[in-house]
Amino acid sequence: MNTWPTRKIYYFLRLVVGFLFIGFANILLAAEVWPSKPIKIVVPFSPGSVQDALARSFSNELGQALGQSVLVENKAGAGGTVGTGIVSKSAPDGYTLVMAAASHNINGTLFPKLSFDPIKDFTAAAYIGTSSYILMTNTEFPAKTVAEFIALTKAKPGQFNYASAGNGSASHLAMAYFDSMAGIDLVHIPTKGTGDAITELLANRAQAVIAANVAALPFVSDSRIRFLGVSSEKPSPFVPGIPPIGNAVKGYAFDSWFGLLAPAGTPKEVINKISTEMAKLLKQPDIIERMRRQGIEIGSLTPSEFNQLLVKDFDRMANVVRSSGAKAD
């Protein structure tokens, strides 16, 4: 009886099993040693932006918890799509994350030709919480309420400006949505980040900005800026006495989630590690206080729940973009 074919099958099976074992062992090893080098959080907006301030508020502690440095790197441009695109093409190994917010999903509708898919090319890594926004004006502008602001700008269409963190940013859409619902005509001044937008407001080159709490709250006592309204449906505990914009513009409401996203395909073990350590940090009193000062309402979602939120929010933001008439000009 010729046993050579049998031997060939035997050696072939041994070879296949060996390769499978090595591959499986490498996967386990990679999961066990992660992280073995510094981790980078890409902020797709400039220094001083909402995402920048938020990422830097926990990066040191996250690095200590993971046993590796966590570096924050700004990659601003095109409403956050430049930095986000870089992360989408990064290796799915957990070493490159993006500090994302509502603008992540806004861009999916606002920009018709993105180099990435906001949903398919990413996976949720760590949910942080939500923030409302504040409509601010320069005190040289005479309006003291949302209703007065609408009346003054409606009387002179196209003669007043608003600044945003850039085309596609949440501050852009929040204001364009307000512009549309209030029936006014403001000129958009896109900048590289919320900090730059507020600089335009302080210089009176823009008469209004809608900025997330984290960027707006440091100016609550600044004599050059006046808070007119909050974007939440109910009054915000962060700025007592400032009414909802919806009181003057029926139906207006806008908020944003914040969280860390990783490239699609990042190992589940790595995702769970990031999520678990971030969840622990968000229970620490000093971190909670930092979030409170930035106007962030801390939340708790698993990566799976966060992914579900991303899909639901994408549809919601698509409707807001269409109803606002916002354009990525």
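Caption draft 1: Structural detail: helix α3 (residues 81-88). With six of eight residues buried, α3 is to be regarded as a mostly interior element. Residues T81, G83, T84, G85, V87 and S88 constitute the buried set of α3. Packing partners of the buried residues in α3 comprise β1 (39-43), β3 (96-101), α4 (102-110), β4 (122-138) and β9 (255-263).

Caption draft 2: Region of interest: the pattern of salt bridges. Under the definition given, this model contains 13 salt bridges. Through salt bridges with shared partners, a single network forms among K40, E73 and K75.

Caption draft 3: Inspection of unusual backbone geometry at higher detail. Between W34 and the following residue, P35, the backbone shows a cis peptide bond with an omega angle of -5°. With respect to the helices, strands and loops of the structure, P35 is situated in the loop between α1 (4-33) and β1. Phi at A78 takes a positive value of approximately 50°, unusual for a residue other than glycine. Mapped onto the secondary structure, A78 falls in the loop between β2 (70-74) and α3. For N204, which is not a glycine, the phi torsion comes out positive at approximately 65°.

Caption draft 4: Quick peek at the environment of G85. Tracing the backbone shows G85 in helix α3. With 30 residues separating them along the chain, G85 and S115 place their C-alpha atoms 6.5 Å apart. If we skip the residues at most four places from it in the chain, G85 touches S115 and F116.

Caption draft 5: Seen up close, the packing of aromatic side chains. Across all of its chains, the model carries ten aromatic pairs by this definition. Judged by centre distance (5.2 Å) and plane angle (75°), the rings of Y127 and F306 are edge-to-face. A residue pair is termed long-range when its members are at least 10 positions apart, and Y127 in strand β4 and F306 in helix α11 (residues 303-324) qualify at 179 residues. Taking relative accessible area as the criterion, Y127 reaches 12% and is therefore assigned buried. You can call F306 buried: its relative accessible area is 0%. Seen in terms of ring centroids, F141 and F160 are 5.1 Å apart; in terms of plane orientation they differ by 80°. Their pairing is edge-to-face. With a gap of 19 residues between them, F141 in the loop between β4 and α5 (146-155) and F160 in the loop between α5 and β5 (161-164) connect regions that are remote in the sequence. One aromatic cluster is present, built from ring pairs that chain together F141, F149, F160, Y177, F178 and Y252.

Caption draft 6: Expanded view of the environment of A170. Note on placement: A170 falls in helix α6 (residues 170-182). Assessed through its relative accessible area of 9%, A170 is described here as buried. Put simply, A170 and Y133 are 37 residues apart on the chain and 9.4 Å apart in space, counted from C-alpha to C-alpha. Other than its neighbours up to four places away in sequence, A170 contacts A102, S103, I106, Y133 and F254.

Caption draft 7: Molecular detail of the nonpolar core. Among the nonpolar cores identified, the biggest contains 88 residues, and F178, F254 and L260 are the most heavily contacted of them. Tallying contributions element by element places α6 first for this core, with eight residues. If we ignore the near neighbours within four places in the chain, the residues touching F178 are L135, V146, F149, I150, I184, I210, I245, V249 and Y252. Core analysis: the next-biggest nonpolar cluster, separate from the first, contains twelve residues, V42, A100, F122 and L310 among them.

Caption draft 8: Structural context of the confidence of the model for the protein chain. Summarising the model, the protein chain shows a mean pLDDT of 90, and 90% of its residues fall at 70 or more. Taken together, the stretch residues 21-26 has pLDDT below 50 and engages in zero contacts with residues farther than four places along the chain or on a different chain.

Caption draft 9: Focus on the side chain of D222. Within the secondary structure, D222 sits in the loop between α8 (213-216) and β8 (225-230). Take D222: its relative accessible area is 18%, and that puts it in the buried class. Here R224 takes part through its side chain, which lies 2.8 Å from a polar atom of the side chain of D222.

Caption draft 10: Just the side chain of T137, in detail. Take T137: it is sitting in strand β4. Judged by relative accessible area, which is 0%, T137 ranks as buried. Ignoring anything within four residues of it in the chain, the contact list for T137 reads A143, F149, L201, Q207, A208, R224, I225, R226 and L228.

Caption draft 11: A look at the pairing of β9. Along β9, eight of the nine residues are buried, which leaves the element largely enclosed by surrounding structure. In the sheet, β3 pairs with β9 via four bridges, with the strands oriented antiparallel. Paired with A101 across the two strands is F258, which belongs to β9. Here β4 runs beside β9; their pairing, made up of nine bridges, is antiparallel. Across the sheet, residue A124 finds its bridge partner in β9, namely L261.

Caption draft 12: Region of the structure containing the environment of F141. Take F141: its relative accessible area is 6%, and that puts it in the buried class. With 84 residues separating them along the chain, F141 and I225 place their C-alpha atoms 9.5 Å apart. The residues contacting F141, other than those within four sequence positions of it, are F149, L152, T153, F160, Q207 and R226.

The rules behind each value
- Residues numbered from 1 in each chain as written.
- Predicted model: local features only at pLDDT ≥ 70, side-chain atom pairs only at ≥ 80, totals over all residues.
- Heavy atoms only, no water.
- Buried < 20%, exposed > 50% of the residue type's maximum accessible area, 1.4 Å probe, protein only.
- Helix = DSSP H or I, 4+ residues; strand = E, 2+ residues; numbered from the N terminus.
- Contact = heavy atoms within 4.5 Å.
- Salt bridge = Lys/Arg side-chain N within 4 Å of Asp/Glu carboxyl O.
- Phe/Tyr/Trp six-rings, centres within 6.5 Å; stacked < 30°, edge-to-face > 60°.
- Core = buried A, V, L, I, M, F, W, Y, C linked by side-chain atoms within 4.5 Å.
- pLDDT = per-residue confidence, 0-100.
- Polar contact = N/O pair within 3.5 Å; in protein donor to acceptor, adjacent residues only side chain to side chain.
- Pairing = 2+ DSSP bridges.

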